[in-house]
Amino acid sequence: MHTSGNLPRASLGALFNPRAIAVYGASSDPTKIGGRPLDFLKSSGYDGPLYPINPKSAEIQGLPAFATVSSVPGPVDMAIVAVPAPSVFAALEDCAAKGLGGAVVLSSGFAEVGGPGVQWQQQITELTQRTGMRVVGPNCMGIINVRRRILGTFTPSAAGFGLAPGRISLVSQSGAFGGYCLSLIRQRGLGLNLWITTGNQCDVDFADCVNHYALDDGTDVIMGYVEAATNKDRLVSALALARERGKRIVLMKVGSSEAGAQATASHTASLAGSDQVYDGLFKQYGVYRARTIDELFDVAYACSLARQPPKGKRVGLLTVSGGVGALMADVATECGLDVAPMPEDAQRRLKEILPFAGTRNPVDMTAQLVNDLTLFERNFDLLLAEGGYDVVVAFLSSVGQVLDLSSRLLDQLKLVLQRFPDRTIIMSMLATPEVRKLYEAANVMLFDEPTRAVRAASALAYLAAESERGKSLSAPPPLPAAAQAPPGQSINEVDAKRILASAGIPVVRERLAASEDDAAAFAAELGFPVVLKIASADIAHKSEIGGVLLGLQDESQVREGFRTLQQRAHSNAPQARLDGVVVAGMAARGVETILGVTRDPVFGAVVMFGLGGIFVEAFKDVSFRIAPFGIDEAHRMIDEVKGRILLTGLRGQPPADEEALAQALSQLSVYAALHADDIDSIDINPFVVLPRGQGALALDALIVPRNHAC
């Protein structure tokens, strides 16, 4: 198997579906790290050959032992390595020589502790690149395939197996968190397919696992815990593939540090922290980001039981408590669900069925439900047939504590599900384990707490909408053939706008004046009123030194303004090189926005959008996306900003030209992606969006070249 050079990354098939497994460092003591995997694999019922590898023993846990993997007579696909760190590399070399497709290194003592461990880990990485053998870890908890009953791990969470096969697969960068999740999966009775913790990721990383799950026919739901991505292209490709294949992804991303953003003179760079970039990435590829462990499991649970995704966001709320109904309505509205009222005629019919009921939405059945169980089916019928709700969340208090009552309600619910197979129904009630098992066997999700049920409904609606959106995304637009490359050094705003204009970004008409006479002549040519601005590559934010004059009405004001700006520049920025004064036409009134690009250390070019000119840094009301993207994604960026209401037209103002804004964002993303290695940041601020049909204009721009200190 030894070859020269770096090989293409092989699949993870040998790791998740091995025909035979060797355990390197196997121990006769099942409580030790080298003993547990062998004990787990034997007791779980794995159907392939197991080969303990330990030169000091002829037999381990009742199985013949071998000194090396190479001495095993039959083929071996995967090894679990649990030897001291200094011995790991030799073990992996033996595995590669045998032709193994993969290995899981449980051993710690590598890059996570520093010292010689860093070099040992690098040696493993080089071995994987040279041989093509896939390696998980080191310093990981291992790997599980429930259907094959493969417990390649030493975490106590796997002891005794007890895992139900299902269609959820989980990947965690943290071993301890992965083990904790495994315990919760068993405790909640979730059906699991594949499980892996990636540890130090010397080879197999988080993206590799998402990619494998995306291709796996036994996986519908991908759960994940991620601390940091290691390769942008692999992660983006894996997320795109998962969406393309209809997988629902629910992730926790920890670490909201701003350490990824470099403090430059750019507004964009100061606003782009690593957490905001990940947020943008997840929205871009339809990932649901869970903020708590409960939410992570609630959403994965709902995805695994939902018969099919909701078609929209209309939610009907059914309750036996008016107070809880109001709480559910509040949370549903907060989550962006549409709590539309029942039609008037349907409300009238509900009143006929139960005069004391609340009929608008939420529909309050009151405690009368217990006396007349037929109310349950009839209320559901009206909600779904007349209300047209995509999702119904029903709160039944503690009815689930009574088996007979719960069983009869489930029988009615099954009739409703038969009549409305395209709707999603979520139940919330306190239930005994027996009742819960009964409902879940019928593919009805059951939550103890009603607001968690509502949030799960919102997550299902989000994931369904993202799946549909992914089927018809517009492609990034082409760049104009005349698009110019970014500068190799700092430039003034005139040159910056010239470059951006060549890339398809609309800019204001302007001229650069070297003298007072030039300024007067250019102003007359452009037409009054005009704007004057200091032109200097060394002054990033001109307004901070009084370097902008607006609304100059005639030649005398222009001449005086030219002299004023020169004096202010010399006084407030004496070291700055002056290129002259920019003379620009006054743009028509519009909505001021900011378009930006920053270079993320992992994801490369990232595009930012926000509202508000100089206020953008104060409110941080911005959205981010990984470049490049099409106009559809640009519109979503715009929609995510709270201040976007300004674009719709307020107090008699005309609506803004959002199509022109989206086109500019998309065009900027393509330019940024092409030149990601040459640009540190771009600011277009303000970018004025004119009334609908009139376009948009960049009034000011800053391009900071890569590795240039402002």
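These numbers were taken from a predicted model, which means no experiment stands behind them.

Reading the values: the criteria
Residues numbered from 1 in each chain as written. Predicted model: local features only at pLDDT ≥ 70, side-chain atom pairs only at ≥ 80, totals over all residues. Heavy atoms only, no water. Patch = residues over 30% accessible without salt bridge, like charges linked within 9 Å, V, L, I, M, F, W, Y side chains within 5 Å. Areas by Shrake-Rupley, 256 points an atom, 1.4 Å probe, with all protein chains shown as cover. Salt bridge = Lys/Arg side-chain N within 4 Å of Asp/Glu carboxyl O. Helix = DSSP H or I, 4+ residues; strand = E, 2+ residues; numbered from the N terminus. Buried < 20%, exposed > 50% of the residue type's maximum accessible area, 1.4 Å probe, protein only. Phe/Tyr/Trp six-rings, centres within 6.5 Å; stacked < 30°, edge-to-face > 60°. Lys NZ or Arg CZ within 6 Å of the ring centre and 35° of its normal. Core = buried A, V, L, I, M, F, W, Y, C linked by side-chain atoms within 4.5 Å. Contact = heavy atoms within 4.5 Å. Polar contact = N/O pair within 3.5 Å; in protein donor to acceptor, adjacent residues only side chain to side chain. Lys, Arg positive; Asp, Glu negative; His and termini not counted. Pairing = 2+ DSSP bridges.

*Asks:* Quick rundown of a nonpolar patch on the surface? Include the residues and the values.
*Replies:* Residues Ile-645, Leu-646 and Leu-650 make up a contiguous nonpolar surface patch of roughly 250 Å² in combined accessible area. Topologically, Leu-646 is positioned in the loop between helix H21 (631-640) and helix H22 (658-674). Residue Leu-646 is classed as partly exposed on the basis of its relative accessible area, which comes to 44%.

*Asks:* Explain the packing of aromatic side chains to me, and be specific about the residues and the numbers.
*Replies:* One pass over the full model with this rule turns up 10 aromatic pairs. Seen in terms of ring centroids, Tyr-288 and Tyr-462 are 5.9 Å apart; in terms of plane orientation they differ by 70°. Their pairing is edge-to-face. One end of the pair, Tyr-288, is in strand S14 (residues 288-289); the other, Tyr-462, is in helix H16 (residues 450-469), and 174 residues separate them in sequence. Ring-pair connections join several aromatic residues into one group, and the members of that group are Phe-177, Tyr-180 and Tyr-225. In this arrangement the basic side chain of Lys-253 is found over the ring face of Tyr-278, its NZ or CZ atom lying 4.5 Å from the centre. Arg-511 extends its terminal NZ or CZ atom over the ring of Phe-522, reaching a point 4.1 Å from the ring centre.

*Asks:* I'd like to hear about the nonpolar core, residue by residue, with values.
*Replies:* Counting 145 residues, the largest nonpolar core has Leu-281, Phe-380, Val-393, Leu-413, Met-427 and Tyr-439 as the members making the most contacts within it. What Tyr-439 contacts, discounting residues up to four positions off in sequence, is Ser-406, Leu-409, Leu-410, Leu-413, Met-427, Met-429, Val-444 and Leu-446. Val-641, Ala-660, Tyr-671 and Phe-687 belong to the second largest nonpolar core, which has 40 residues in total.

*Asks:* Explain the side chain of Arg-289 to me, using residue names and the numbers behind them.
*Replies:* Looking at the secondary structure, you find Arg-289 in strand S14. A relative accessible area of 10% places Arg-289 in the buried class. Here the side chain of Arg-289 touches Asp-275 through a polar contact of 2.6 Å, side chain to side chain. A polar contact of 3.0 Å, which involves the side chain of Arg-289, links it to the side chain of Asp-279. Residue contacts for Arg-289: discarding those within four places in its chain leaves Leu-251, Lys-253, Asp-275, Asp-279, Phe-282 and Glu-295.

*Asks:* Help me get a handle on the side chain of Arg-243, residues and values and all.
*Replies:* In this structure, Arg-243 sits in helix H7 (residues 232-244). The side chain of Arg-243 sits in the buried core without any salt bridge; Glu-466 is the nearest counter-charge, 4.4 Å away. In this view, Arg-243 contacts Gln-284, Tyr-285, Gly-286, Glu-466, Arg-469, Gly-470 and Leu-473; residues no more than four positions away in its chain are not counted.

*Asks:* Tell me about unusual backbone geometry, and name the residues and values.
*Replies:* Note the cis peptide between Asn-361 and Pro-362, where omega equals 15°. By the element assignment, Pro-362 lies in the loop between helix H12 (344-353) and strand S16 (363-364). Asn-685 connects to Pro-686 through a cis peptide bond whose omega is 5°. Here the phi dihedral of Asn-443 falls at roughly 60°; this positive angle occurs in a residue that is not glycine. Along the chain, Asn-443 turns up in the loop between helix H15 (433-441) and strand S19 (445-447).

*Asks:* Can you explain the sheet that holds strand S9 (residues 150-153)? Please cite residues and give values.
*Replies:* Reading across from one edge, S9-S8-S11-S10-S12-S13-S14 is the order of the 7 strands in this open sheet, with mixed pairing throughout. The strands lining the two open edges of the sheet, one partner per strand, are S9 and S14. Across 6 bridges, the pairing between strand S12 (residues 221-226) and strand S13 (residues 248-253) is parallel. Note that in S13 the partner of Ile-222 across the bridge is Ile-249.

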